[in-house]
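Fold and geometry: a report
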Amino acid sequence: MTRQKAVSLLRGISLVGIYGGLLMPLMFLPVVIFPFVFSKLIFFQVLIGLTFPAYLVLAWMEPAYRPRFHLLYGAIAAYFLALLLSVIFSVDPFRSWWGNQERMNGLFTLLHLFAWLTMAIGVLKTWTDWRRLLNYQAVLSLFMAIVALLEKPYPNLLLFPAGDRVGGLLDNPIYMAAYQIFNFFFLLLLALKVRSKNARILYGVIGFFDILAFIFAQSRGALVGLGMGILAFGIWVAVFSKNKRARTATLGIIALLFIGYGILFAARNTSFVQHSALARLTNLTASVDTRFIAWKIAWQGFLARPITGWGLDTFHLIFNKYYNPRSLGFGIYETWFDRSHNTVLDVLSMTGLLGFVTFAGIFITLFYASWRAYRKGWIDLPTSAIFFALPVAYFVQNLFVFDHPAAFSMSFLMYGLIIAATSGGFALVHKEAAVAETHSSGKTRNFSWILYGGLEILGLLLVWRTSILPFQASRDSIRANANFANATGLQLAQKAAAIWTPYLDEQTFLLSRNLIQYAGSNQLSSLSNGKDYLALDRRLTEEEIARHPLNTNPRLIYAELMTYLIKDVPDAASVAEAQFKTAIQTSPKRQQLYLGLAALYAAEGRNQEVMDIYKEVRDFDLQVGETRWIYGIALFYDLGNKKDGASEIIASQTVERPHVLQNAHDLIPIADAYLYLNDKNGLSQLVNRLPDTPAGSPDDYAELAIRYEVAGMLDLRDRVISYGEQAAPGTTVQFNQLKATAGNGSAPKKT
């Protein structure tokens, strides 16, 4: 093979990696765990693993394909060095290097993005090169937008049913909105640089669909980011433009956009807005309490390890360590955070000052490079304004969320474009301008099959070991979960367990969840492979815990499973207690851990220890109604301490974060508390909560009516029965039976 043909071949393979990398957000293989993330980044790892060796040989042969020195590329390299240090000094190096299936944000994956960036700026040197790539991305953004919009008429289009907000192939609406922010600015750049009217119309059509996808994603953080990006564009033009007419026109358009949003905001309570996708985008009163809690925890984590942080992708450990008991008041979902939902605080807490300074350096050099290139005449004013505004929009929206696969692909595309365009010789001053590829000085070399073959083999081995095998393990785990109740499920689970993967967490979760479901319904003995499943789950869980000893969640799940099995497995009680206590050391204020330990003690008849735990957990935060409810129920019914129990039950409804009633059955203890305290006003008000409380059984409403019978409040008794008959037919019959059993309502039955 001649040298020229070898260069062409290697360049072609590199272009496959560059163009193929932008397909990553579109990848969706619903055969693995977390297909909207895991399958995307496994695809990206395989693609880069197979194409980057070709680029390395190309750059070794021909200096023209090596990245030219650029401050921004240096800043990104410095940030990756800080990430590496955070991995080396991480409290969980294994997690920091590999990440997990749900996020795939370990350094191993991020290095593939750096490799993609290196290829892009090494191979694509002119505006013609980058225009082709951006046109390709514009088509991809249109496809992504259309798929997302199709979720409105077809909510079951993809694996999980879509709600009011659409996420398309990204699943998460926040991700879709962030993805489209980049495409708005890329389309604007293309439209400004093309002479063809038809091309501009085409860009406008694509932009229209992208805007629709953005609106139907209904992400307020992304909206704020886009607004700040538009404002930044206007400020840049106002400061640097010498053309008064252009400056006035730009600022006028921006003013009209903000005025238009102001009109929508003023009309936010109208039927038109309330019944459209604009409703959420004009409602800026959402609670941010849980975000503030997470942000404060991130700051505490930074103060504890300020230099290199806790390690990349370890925020879940920080959150557990400094867990705020108030989080439970917002629901169980809000008690498990693996990100602070603020990229700056994530960087600060997980990578320390070194990570924060280098991360800030990326944006500083972005802005400097854009300003410098404009001052030197390498790029024109609109281009420099876009290069200033897009990073602002990206940075601001990241103050409310965190990076994800689509944002990674777009941000590194942005980095590459700005590096290329602000390096000189790019010729972006005039429309459609392009220059010949510039050549760097350096020694050229001949093609070496040995070098290329060796690197490609190493790439294949790396891909097989670190991407294909984990993909197979995840696929087999999903299939095993679907066939859990039969022999095929066990075989698939064992097959998955035999494959090496750094991502064991979800395998163990699926197994444990299924076993808990069977054990909780006393059906585990009916599961033909129950013992084999349990042995497999225990082995994998203990391996996962050994890998990540500070991670609270797998210990909690393991302990809960063992609690269900204390009558069937000899060491279950001791294992459960040990795991609960160790988990408490990793998260000293997490109520679920204490309540799980209390459930274990209750099953063993250790009642005083149960009450001690309930009181301790209640005292973590007196404004959390959930724990006051649990403590009050135990006092009132189990210990017979009706005075203190009644006070706790009522307090659980009046604190800052009250216990949320699960159904009508929860009204009975409240009625008992009011009845004991002879609080007829409280009983009167309780009836008014019936319509807002999820429906219960006929027995629940009959029990409640008995309380009003005992209190002599017969009109309210009849009201409860009437409502119960509508919500749960049969209430009247059940009430009459209970009344007869209770001796004409002389005493309420214990609930």
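Residues numbered from 1 in each chain as written. Predicted model: local features only at pLDDT ≥ 70, side-chain atom pairs only at ≥ 80, totals over all residues. Heavy atoms only, no water.

1. Observations regarding the overall build of the protein chain
Threshold: A run of H or I in DSSP counts as a helix once it spans at least four residues, and a run of E counts as a strand once it spans at least two, with each numbered from the N terminus. Only protein chains enter the accessibility calculation, which uses a 1.4 Å probe; a residue is then buried when its area is under 20% of its type maximum, exposed when over 50%, and partly exposed in between. Residue contacts are counted whenever heavy atoms from the two residues lie within 4.5 Å of one another. For every accessible area listed, the method is Shrake-Rupley and the probe measures 1.4 Å; residues are considered covered only by the protein chains on display. Here Asp and Glu are counted as negative and Lys and Arg as positive; His is not counted, and neither are the chain ends. Here the site of a charge means atom NZ of a Lys, CZ of an Arg, CG of an Asp or CD of a Glu.
Counting its secondary structure elements, the protein chain contains 32 helices and 0 strands. Taken along its principal axes, the extent of the C-alpha atoms in the protein chain is 100 × 60 × 45 Å. Out of the 751 residues belonging to the protein chain, those deemed buried represent 56%. Residue pairs in contact within the protein chain that sit at least 24 positions apart in sequence constitute 73% of those at least 6 positions apart. Carbon and sulfur atoms form 62% of the exposed surface of the protein chain, whose accessible area is close to 31500 Å². Distance from the positive charge centre (65 side chains) to the negative charge centre (52 side chains) of the protein chain: 14 Å.

2. Some points on the pattern of salt bridges
Opposite charge on two side chains permits them to pair, given that their charged atoms come into close proximity. The test is simple: Between Lys or Arg on one side and Asp or Glu on the other, a salt bridge is scored when a side-chain nitrogen of the former is within 4 Å of a carboxyl oxygen of the latter.
Taken as a whole and judged by the stated rule, the model has 26 salt bridges. Between Arg628 and Glu648 there is a salt bridge, with the nearest N and O atoms lying 3.0 Å from each other. Of the two residues, Arg628 sits in helix H26 (residues 625–639) while Glu648 sits in helix H27 (residues 642–654), which places them 20 residues apart along the sequence. Summarising the burial analysis for this pair, Arg628 and Glu648 share the class buried. Each of Glu577, Lys581, Glu604, Arg606 and Glu609 takes part in a single network of salt bridges with overlapping partners.

3. Focus on a nonpolar patch on the surface
Heads up, the rule is: For patch building, the residue pool is restricted to those with more than 30% relative accessible area and no salt bridge; the joining distance is 9 Å between like charges and 5 Å between nonpolar side chains (Val, Leu, Ile, Met, Phe, Trp, Tyr).
The grouping of Val224, Met228, Leu231, Ile235, Val239, Ile253, Leu257, Phe258 and Phe400 at the surface amounts to a nonpolar patch, some 760 Å² of accessible area in total. Per element, the largest residue contribution to the nonpolar patch is 5 residues, and it comes from helix H9 (residues 220–240). For Val239, a relative accessible area of 56% gives the class exposed.

4. Thoughts on the nonpolar core
In plain terms, the rule: Put simply, buried Ala, Val, Leu, Ile, Met, Phe, Trp, Tyr and Cys residues joined by side-chain atoms within 4.5 Å make one nonpolar core.
Membership of the largest hydrophobic core comes to 132 residues, with the highest contact counts inside it found for Trp116 and Trp130. For this core, the element with the highest residue contribution is helix H2 (residues 38–61), accounting for 13 residues. Once you skip the residues sitting within four places of it in the chain, Trp130 turns out to touch Ala120, Leu124, Lys125, Leu413, Gly416, Leu417, Ala420 and Phe426. Ala493, Ala497, Leu593 and Phe620 belong to the second-largest nonpolar core, a separate cluster that totals 48 residues.

5. What to know about the confidence of the model for the protein chain
The line we're drawing: As a per-residue measure, pLDDT tells how confident the predictor is, with possible values from 0 to 100.
On average, residues of the protein chain score 93 in pLDDT, and 96% of them reach the 70 mark or higher. Every residue in residues 429–439 scores below 50 in pLDDT, and together they form 31 contacts with partners more than four places removed in sequence or on other chains.

6. Some points on the environment of Lys296
Summarising the element assignment, Lys296 is placed in helix H13 (residues 289–304). When its relative accessible area of 56% is taken as the criterion, Lys296 is described as exposed. Along the backbone, Lys296 and Leu534 are 238 residues apart, and their C-alpha atoms lie at a distance of 39 Å.

7. Some words on helix H24 (residues 591–603)
Rule in force here: Helix span, expected: 1.5 Å multiplied by one less than the number of residues in the helix.
An ideal rise of 1.5 Å per residue puts 18 Å on 13 residues; H24 measures up with 18 Å between its terminal C-alpha atoms. Of the positions making up H24, those classed as buried are Gln591, Gln592, Leu593, Tyr594, Gly596, Leu597, Ala598, Leu600 and Tyr601. For H24, the elements touching its buried residues are helix H22 (552–564), helix H23 (572–586), helix H25 (607–620) and H26. Immediately beyond the C-terminal end of H24, within one or two residues, lies Gly605, with a positive phi of roughly 80°.

8. Section: the packing of helix H5 (residues 107–123) against helix H17 (residues 405–421)
Between two packed helices, what matters for the description is the angle formed by their axes and the separation of those axes. What counts is decided by this rule: In this analysis an axis means a line fitted to C-alpha atoms, helices contributing only their contacting stretch, and an angle means the value between N-to-C directions, from 0 to 180 degrees. Just so you know how the angles are binned, under 35 degrees is roughly parallel, over 145 roughly antiparallel, 65 to 115 roughly perpendicular, and the rest oblique. If you view the pair so one helix is near and one far, a crossing is left-handed when the near helix is turned anticlockwise from the far one by less than a right angle, and right-handed when it is turned clockwise. Residue polarity follows a fixed list, in which Ala, Val, Leu, Ile, Met, Phe, Trp, Tyr, Cys and Pro are nonpolar, Asp, Glu, Lys and Arg are charged, and the others, Gly among them, are polar.
It is at 9 Å that the axes of H5 and H17 come closest, and there the two elements cross at 30°. Classified by the angle their axes make, H5 and H17 are roughly parallel. For the element pair H5 and H17, the recorded crossing hand is right-handed. For the pair formed by H5 and H17, the contact residues are Leu110, Leu113, Phe114, Trp116, Leu117 and Ile121 on the first element and Phe408, Phe412, Leu413, Tyr415, Gly416 and Ile419 on the second. Residue classes in the contact of H5 with H17 are distributed as 11 nonpolar, 1 polar and no charged.

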